[in-house]
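# Fold and geometry: a report
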Amino acid sequence: MRKGNSLGKLPPMALEIETAVLGAIMIESTAMMFVADILRPEMFYKESHQLIFKAAQEISISGDPLDLMTIVAKLRKNGDFEKVGGAFYLTELTDRVVSSVNIEYHARIIAQKFMQRELIRLSNITINDCYDETKDVFDILSTYETERDNIVNHVSSRKEVSQKHAVNEVFADMAKKAAMGVKDVTGVDTGNDDMNALTGGWQQSDLIILAARPAMGKTAYALKKAVNAARSGKPVAIFSLEMAKEQLIHRILSFETGIPLEKIKKLKLDDGDWHKLHSMQQELSELPIHWDDTPGLTLIELSAKAKRLKRLHGVEMIVIDYLQLITVHGKSRFDAVSDISRGLKILAKELNIPVIALSQLSRAVESRPGNSKRPMLSDLRESGSIEQDADMVLFLYRPEYYGLVEDEEGRSTAGMAEVIVAKHRNGSTDTVLMNFKGSTTNFTAWDEEGYGGNSMDIITDFSFIEKPLQSENRSLNSHANWDFGNDSMPDDAPF
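Residues numbered from 1 in each chain as written. Predicted model: local features only at pLDDT ≥ 70, side-chain atom pairs only at ≥ 80, totals over all residues. Heavy atoms only, no water.

## Observations regarding the overall build of the chain
- The secondary structure content of the chain amounts to 17 helices and nine strands.
- Here the chain, with 495 residues, has 47% of them falling under the buried criterion.
- Excluding contacts between residues fewer than 6 apart, the proportion of contacts in the chain whose partners are at least 24 apart in sequence is 71%.
- If you sum the accessible surface of the chain, you get close to 25000 Å²; carbon and sulfur atoms cover 52% of it. (Helix = DSSP H or I, 4+ residues; strand = E, 2+ residues; numbered from the N terminus. Buried < 20%, exposed > 50% of the residue type's maximum accessible area, 1.4 Å probe, protein only. Contact = heavy atoms within 4.5 Å. Areas by Shrake-Rupley, 256 points an atom, 1.4 Å probe, with all protein chains shown as cover.)

Written out as structure tokens, the structure reads:
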């Protein structure tokens, strides 16, 4: 038996309940099925009880009959028979219980005591780490939060439900949404009628991959969707592993005010521009958007941060820019990306919210012969598991970027953007046309009559991205209190 903790107190335990559960398992063959998804051997406080339950678990998994005699045989085979107290102790366990009534309730008490002991263990480790001057406090916090969430997730399991319960739950949800006037959009509003009609909005528990070649506008498109969601009252978390939050806010200011991004970055603003920015400041500052631009996040760290934001702020959508920058140590790039895509899908399902993850496409798009450079699922970079794990795959494509002045129907491609829904697990695939204004990195609803009018605003020279932008020294007069952040870092891509 374990010793007491450093406070001189015995760890939380329920030995009588442990014996009752083990006794019930040995006298009733059906008892194990009620606790198999709740308990694990290490949850028992007493080592002998851990060994007995481990033997019962192995018998149950093999499909053999489970009773006192088969447990004795398994313990002998494992070399643990004498460790648990022999035949006398096992018989004593069966004598202490009459039936398996309430065994599930008892099992949950054992699990809760285990959780308490784990929290004590984790707290002691955290305390010791805090006294260690060589450890970074933010690393300590990250480790604590990750381990704490792992304890909860390890113990809590989602129980199976009957068909009646599942159907009634679905109908109750449908009735609730109908009463709220929700029809076409059943998820998070995409902010675009055509996309809403195709998808019903970004759906709960979906992993949505937004992929494109550099400079197609995927970051701008994702930011637009985040702002749309926040405006509809849905809290959003944005994890930017590539760019600083100040740079991203510059882009939001640009497409919200119509002021060219280059003017905002270089602070070449006239009084009319400043007035627009001041007018937008209050509205944007109150949007429920939560930023995290920590570079080099691991999947574990990102998941822990996302869970905390869900718990504290009720986040209902997550945007990650971008998938390939999530850190995974000790694995090949193929295996790492596979783990990341699988982990993000698990995160979306666990939090029951849509996760939009941006992804780079391979250079195969550029080398494809012919006029069309539209991306395909095979262009997803580094791992086929991205396609497998994603519920939806979107591609951004702007034909004019490749010098194509007309599309297949003979229309001018100036200002034209295609959002290609290449995979849709729960619906149909299609292409949604949008207008794109390059100077403000803005995507707007498709206007067939006016889309060509944006052609003069398309940025064709991205040389200003190649080196850090140095703000000119000038008097800002009444605007001196404005802080647009430090934007001296070069961007790898314009959008």
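## Considerations on the packing of helix H3 (residues 47-62) against helix H4 (residues 68-78)
- With their axes 9 Å apart at the nearest point, H3 and H4 run at an angle of 105° to one another. Considering the angle they form, H3 stands roughly perpendicular to H4. For the pair H3 and H4, contact is made by Leu51, Ile52, Lys54, Ala55, Ala56, Glu58 and Ile59 and by Thr70, Ile71, Lys74, Leu75 and Asn78, respectively.
- A breakdown of the residues in the contact of H3 with H4 according to their chemical character gives seven nonpolar, two polar and three charged. (Axes fitted to C-alpha atoms, helices over the stretch in contact; angles between N-to-C directions. Parallel < 35°, antiparallel > 145°, perpendicular 65-115°, else oblique. Nonpolar A, V, L, I, M, F, W, Y, C, P; charged D, E, K, R; others polar.)

## Describing helix H11 (residues 245-257)
- Its 13 residues place the ends of H11 18 Å apart at the C-alpha level, agreeing with the 18 Å of an ideal helix rising 1.5 Å per residue.
- Within the span of H11, buried status applies to Gln247, Leu248, His250, Arg251, Ile252, Leu253, Ser254, Phe255, Glu256 and Thr257.
- Tucked into the core, H11 has its buried residues touching helix H10 (218-231), strand S2 (236-240), helix H12 (261-266), helix H13 (271-285), strand S3 (289-292) and strand S9 (442-445). (Expected span 1.5 Å × (residues − 1).)

## Considerations on the sheet that holds S9
- If you trace the nine strands from one edge of the open sheet to the other, you get S3-S2-S4-S5-S1-S6-S7-S8-S9, paired in mixed fashion. The sheet is open, and its two edges are formed by S3 and S9, each paired on a single side. In this sheet, neighbouring strand axes are inclined to one another by 25° on average, regardless of whether the strands run parallel or antiparallel.
- Relative to strand S5 (residues 355-360), strand S1 (residues 207-212) runs parallel, the two being bridged by six bridges. Its bridge partner lying in S5, Ile208 is registered against Ile356.
- Lying on the sheet, H11 is in contact with S2, S3 and S9; it crosses S3 at an angle near 145°.
- Contacts from helix H15 (residues 333-351) reach S1, strand S4 (317-321) and S5 within the one sheet, and its direction differs from that of S1 by about 140°. (Pairing = 2+ DSSP bridges.)

## Concerning the pattern of salt bridges
- According to the stated counting rule, one finds 20 salt bridges in the structure shown.
- Close ionic contact of Asp273 with Lys263 constitutes a salt bridge, the shortest N to O distance being 2.8 Å. Taken together, the positions of Asp273 in helix H13 and Lys263 in helix H12 put the pair 10 residues apart, joining distant regions of the chain.
- Across the pair Glu400 and Arg398 runs a salt bridge, and its minimum N-O distance is 4.0 Å.
- Owing to a relative accessible area of 3%, Arg398 belongs among the buried residues under this scheme.
- The structure contains a network of salt bridges with shared partners spanning Arg231, Glu256 and Glu283. (Salt bridge = Lys/Arg side-chain N within 4 Å of Asp/Glu carboxyl O.)

## A short note on the pairing of strand S7 (residues 416-424)
- Summarising burial for S7: eight of the nine residues are buried, a large majority.
- As defined by bridge partners, strand S6 (residues 392-397) adjoins S7 across six bridges and the pair is classed as antiparallel. Paired with Tyr397 across the strands is Glu418, a residue of S7.
- The turn joining S7 and strand S8 (residues 430-437), which pair antiparallel and follow one another in sequence, is formed by five residues.

## What about the packing of H3 against helix H5 (residues 86-95)?
- At a closest axis distance of 13 Å, the pairing of H3 and H5 adopts a crossing angle of 80°. What the angle tells us is that H3 and H5 run roughly perpendicular. Residues Ser48, His49 and Ile52 of H3 lie in contact with H5, whose contacting residues are Tyr89, Leu90 and Leu93.
- A per-class count over the contact of H3 with H5 returns four nonpolar, two polar and no charged.

## Some thoughts on the confidence of the model for the chain
- Across the chain, the average pLDDT comes to 79, with 84% of residues at 70 or higher.
- Segment residues 450-495 is flagged for pLDDT under 50; beyond a separation of four residues in sequence, or across chains, it makes 89 contacts in the model. (pLDDT = per-residue confidence, 0-100.)

## Remarks on the packing of aromatic side chains
- A complete count under the given rule lists three aromatic pairs for this structure.
- Both rings, one in Phe44 and one in Phe53, keep their centres 5.0 Å apart while their planes meet at 35°; by these two values the pair is tilted. Across the pair, Phe53 and Phe44 agree in class, each one buried.
- With 4.8 Å between their ring centres and 50° between their planes, Phe436 and Phe443 make a pair best called tilted. Accessibility assignment for this pair places Phe436 and Phe443 in one class, buried.
- Positioned above the aromatic ring of Phe81, the side-chain terminus of Arg76 is 4.0 Å from the ring centre. (Phe/Tyr/Trp six-rings, centres within 6.5 Å; stacked < 30°, edge-to-face > 60°. Lys NZ or Arg CZ within 6 Å of the ring centre and 35° of its normal.)

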